[in-house]
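Chain and residue survey
Chain residues, written in single-letter form:
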Amino acid sequence: MLVLSQGLVLLALLTLDGFAKSVTKTTTAPKRQTDVAKNNFVRQEGSQLMVNGSEFRYIGTTAYWLSSLNSEADIDATLKNIAQAGFNVVRTWAFNDVDSVPENGTWFQTFQNGTFTINRGANGLQKLDKVVELARNHGIYILPSLTNNWNPRLSDKLNVTDPISVFRMGRRDIGTGNDLPRNTLSNDYGGMDFYVRALGGPREHDQFFTNRTLIEAFQNYTREIVTRYANHPNVLAWELANDPRCGSSIAASAGCVPQNITRWHAEMAQFIRTIDSNHVVATGHQGFFCTGCPKLFPIQPQPRPRPSPAPGARRTTAEPLTRKRLLLERKEAFKKTRAAAARTEGGIRIRGRWLSTPTRRQQDPVVGSSFDGSQGVDSEDIMNIPGIGLSSFMFLPDQNSYGPDDPNLSRLDNILQQGLTWIRLQAEASQTFGKPTAISAMGLVDQANAQSFVPFNSTIAPFATDTSVPGSPSVVPRQLPAPSSVSSLPNTDMVSNTLTQLTAAGVQGGLAGMVQYQWSQSNLTTQPGTPIVPANGTIPATGSTTGNSPNDGYALPPVSLAGMVNAAGGGFQQP
């Protein structure tokens, strides 16, 4: 059970009560099963999402693998458990690209002999149909992502000095019984580099955003998906892509700049709006800023009405983020922790423990990769595109840096403080541009998930040392600068407490929604060549057994996820 301070609980109760009342209930009772269908589509009105005349704010989870499950019963049981845990939105992949038709499992699109083929059969889009249908029965909105930035393959990242990388990356798509079945990892469902490999000229990832042949190929697939579900009210929005940016498994060109990716967002948003006027178009990027970048969609000078801050929230001046303001805020935050350390005569107390105080040092004036445009994303410029109705951002500190560490804080407290700042800056951008924004993925790797953690741009688990884990080599070079060992990772309770506080901050800051990354489901039907395999990784030749859902390092026990909803939501209405 999570234990929060009395102050945090009081804050949640005071500031989140309105949020709790505005979130759609989820239940499996017959009356509730039809509520989503009766309501209007989710609409954007200013900085809010609306449903049937009322503000809609959501708490969701990610199950990217839903359509790859081996039975309708598995899909239904998963969605039922998600609803019972208090979530009303599920984010999932609406793509599954392959370069050859697999023996087993789900696939949506293939490219062979110069031709794209869309699979509308029982192991194709009919599986996605079932996800949407069953989600409606449980009062759940689906947030489908149309493609992925990440899709590593053998030809892209072959490390000839590491034979084990050849073994693992060369056996990912073949037949049955392999140690890392297709669709096990979130980056193994195809995506942008699938199109680049199929139709691109030079192997440059950012061709996906600028090459007309690739854009039209993606639009052809997008038209199929969007048209198929254009009249489904329980589709929350169309997420253009998961984590689009310049770099990926295939390197970017030297000419990739944020404006290219902004133009792509604008074109795709307009394209979708021409074939579906019912649904909001969402971004799906990480929320990276580009302080000082020229804007294709600059903010208009006239003032906009600003909603009153939630009880207890500070009133902010809505203006685009600048390098000067960012560095000044960091300087002030560091000064406060130094002062607190000085008051403790050599130590600072952080949530019940004492840390030594390092010597004062000059702050690095570099804003960092989440703020300088080097990722190829200018979230403020994209947010202001007229066709974008829902902006998004992510918080995944094991894979991205959100600023310099404060030397007065521990690693986990740095993560918390950087997360709180990141959420505040995103909420302020929402006020500035008058558009709703939401966390589309928030997760933190704990000790229990260390063996399973695989960064999105890799197929290697940096902490894996256990050969019983499917696809894990016995010795793996460390890929991340910190933490350097499993023991330095937080435990599950620490992660739950941190994510709960971040969720509370997001609600208090007025975010339209928050999606945890990721859901964990057990007792799923196994089948060779699919991502659902028994816990020991071995499928018997005869008989049946069950396995767990895919996990790339962020799966938390359902009780932990439910605890975050309850604690962060205060009076959050449960089924």
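Residues numbered from 1 in each chain as written. Predicted model: local features only at pLDDT ≥ 70, side-chain atom pairs only at ≥ 80, totals over all residues. Heavy atoms only, no water.

Under an unreviewed UniProt entry, the name given to the chain is mannan endo-1,4-beta-mannosidase, and the source organism is Leucocoprinus birnbaumii. You can read under Sequence similarities (unreviewed entry) in the UniProt record for the chain the words "Belongs to the glycosyl hydrolase 5 (cellulase A) family." The Catalytic activity (unreviewed entry) comment attached to the chain in UniProt states, word for word, "Random hydrolysis of (1->4)-beta-D-mannosidic linkages in mannans, galactomannans and glucomannans." (UniProt positions renumbered as here; feature names shortened; annotations may be inferred.)

1. So, helix α10 (residues 212-228)
Over its 17 residues, α10 extends 24 Å from the first C-alpha to the last, a length consistent with the 24 Å expected when each residue adds 1.5 Å. Along α10, the residues classified as buried are Leu214, Ile215, Ala217, Phe218, Gln219, Tyr221, Thr222, Glu224, Ile225 and Val226. (Helix = DSSP H or I, 4+ residues; strand = E, 2+ residues; numbered from the N terminus. Expected span 1.5 Å × (residues − 1). Buried < 20%, exposed > 50% of the residue type's maximum accessible area, 1.4 Å probe, protein only.)

2. What to know about the packing of aromatic side chains
Two aromatic rings are characterised by how far apart their centres lie and by the angle between their planes. On inspection of all chains with the given rule, the structure shows 27 aromatic pairs. For the ring pair phenylalanine 111 and phenylalanine 116, a centre distance of 4.6 Å and an interplane angle of 55° mean the geometry is tilted. Judged by relative accessible area, which is 15%, phenylalanine 111 ranks as buried. Judged by its relative accessible area of 22%, phenylalanine 116 is partly exposed. Aromatic pair phenylalanine 116 and phenylalanine 194: ring centres 6.0 Å apart, planes at 65°, arrangement edge-to-face. On the criterion of sequence distance, the pair formed by phenylalanine 116 in strand β8 (residues 115-118) and phenylalanine 194 in helix α8 (residues 192-199) is long-range, its members being 78 residues apart. In this structure an aromatic cluster arises from ring pairing among Tyr64, Trp93, Phe95, Tyr189, Phe453, Phe456, Tyr517 and Tyr554. Lying across the ring of phenylalanine 371, arginine 330 places its NZ or CZ 5.1 Å from the centre. (Phe/Tyr/Trp six-rings, centres within 6.5 Å; stacked < 30°, edge-to-face > 60°. Lys NZ or Arg CZ within 6 Å of the ring centre and 35° of its normal.)

3. As for the pattern of salt bridges
Note on pairing: side chains with opposite charge can pair once their charged atoms come close. What the rule picks out here adds up to 16 salt bridges. Of the charged contacts, one joins arginine 228 and glutamate 224 as a salt bridge, the two residues approaching to 3.8 Å between their closest N and O atoms. A residue pair is termed a helical-turn pair when its members lie 3 or 4 positions apart in one helix, as arginine 228 and glutamate 224 do in helix α10 at four residues. Assessed through its relative accessible area of 26%, arginine 228 is described here as partly exposed. Close ionic contact of aspartate 243 with arginine 245 constitutes a salt bridge, the shortest N to O distance being 3.1 Å. Summarising the burial analysis for this pair, aspartate 243 and arginine 245 share the class buried. Salt bridges sharing common partners tie together Glu319, Arg325, Glu329, Arg424 and Glu428. (Salt bridge = Lys/Arg side-chain N within 4 Å of Asp/Glu carboxyl O.)

4. A short note on the pairing of strand β14 (residues 391-395)
The element β14 is largely enclosed, with a buried count of five among its five residues. Sheet topology note: the β14/strand β15 (residues 437-442) ladder contains five bridges and is parallel. Bridge pairing links phenylalanine 395 to methionine 442 in β15. Handedness of the crossover joining β14 and β15 through helix α14 (residues 411-433): right-handed. (Pairing = 2+ DSSP bridges. Right-handed = clockwise from strand over helix to strand, strands pointing away.)

5. Focus: the sheet that holds β8
Reading across the sheet, the three strands line up as β6-β7-β8 and stay open at both edges, with mixed pairing between neighbours. Among the strands making up the open sheet, the edge pair consists of β6 (97-98) and β8. The sheet contact formed by β6 and strand β7 (residues 109-112) spans two bridges and is parallel. Residue aspartate 97 lies in a different strand from β7, and its bridge partner there is glutamine 109. Contacts between α8 and the sheet are confined to β6, β7 and β8, with β7 contributing the most and set at about 20° to the helix. (Contact = heavy atoms within 4.5 Å. Axes fitted to C-alpha atoms, helices over the stretch in contact; angles between N-to-C directions.)

6. Points about unusual backbone geometry
Note: most residues except glycine have negative phi, and most peptide bonds are trans. Omega for the peptide link from tyrosine 517 to glutamine 518 comes to 15°, which places this bond in the cis form. By the secondary structure assignment, glutamine 518 is in the loop between β16 (513-516) and β17 (524-525). Positioned with a positive phi, asparagine 52 is a non-glycine residue whose angle comes to about 55°. Tracing the backbone shows asparagine 52 in the loop between β2 (48-51) and β3 (54-55). Judged by relative accessible area, which is 48%, asparagine 52 ranks as partly exposed. The phi angle at asparagine 113 is positive, at roughly 55°, despite the residue not being glycine. As for its placement among the helices and strands, asparagine 113 is situated in the loop between β7 and β8.

7. Some points on the confidence of the model for the chain
Put simply, the chain has an average pLDDT of 81, and 74% of its residues get 70 or more. For residues 157-178, every residue scores under 50 in pLDDT, and the model assigns this stretch 47 contacts once sequence neighbours within four places are set aside. Confidence over residues 345-364 falls short of pLDDT 50; this stretch has 47 contacts with residues more than four positions distant or in other chains. (pLDDT = per-residue confidence, 0-100.)

8. Details of the sheet that holds β2
The three strands lie next to each other as β1-β2-β3, forming an open sheet whose pairing is antiparallel. Looking at which strands have only one partner, the edges of the open sheet turn out to be β1 (43-45) and β3. Relative to β3, β2 is paired through two bridges, and the arrangement is antiparallel. Of the residues in β3, the one forming a bridge with methionine 50 is glutamate 55.

9. Observations concerning the pairing of β7
Sheet analysis places β7 next to β8, joined by four bridges and oriented antiparallel. Its bridge partner lying in β8, glutamine 109 is registered against isoleucine 118. Between the end of β7 and the start of β8, which pair antiparallel, lie two residues, with asparagine 113 showing a positive phi angle near 55°.

10. Considerations on the side chain of histidine 265
Along the polypeptide, histidine 265 turns up in helix α11 (residues 258-275). Judged by its relative accessible area of 0%, histidine 265 falls in the buried class.

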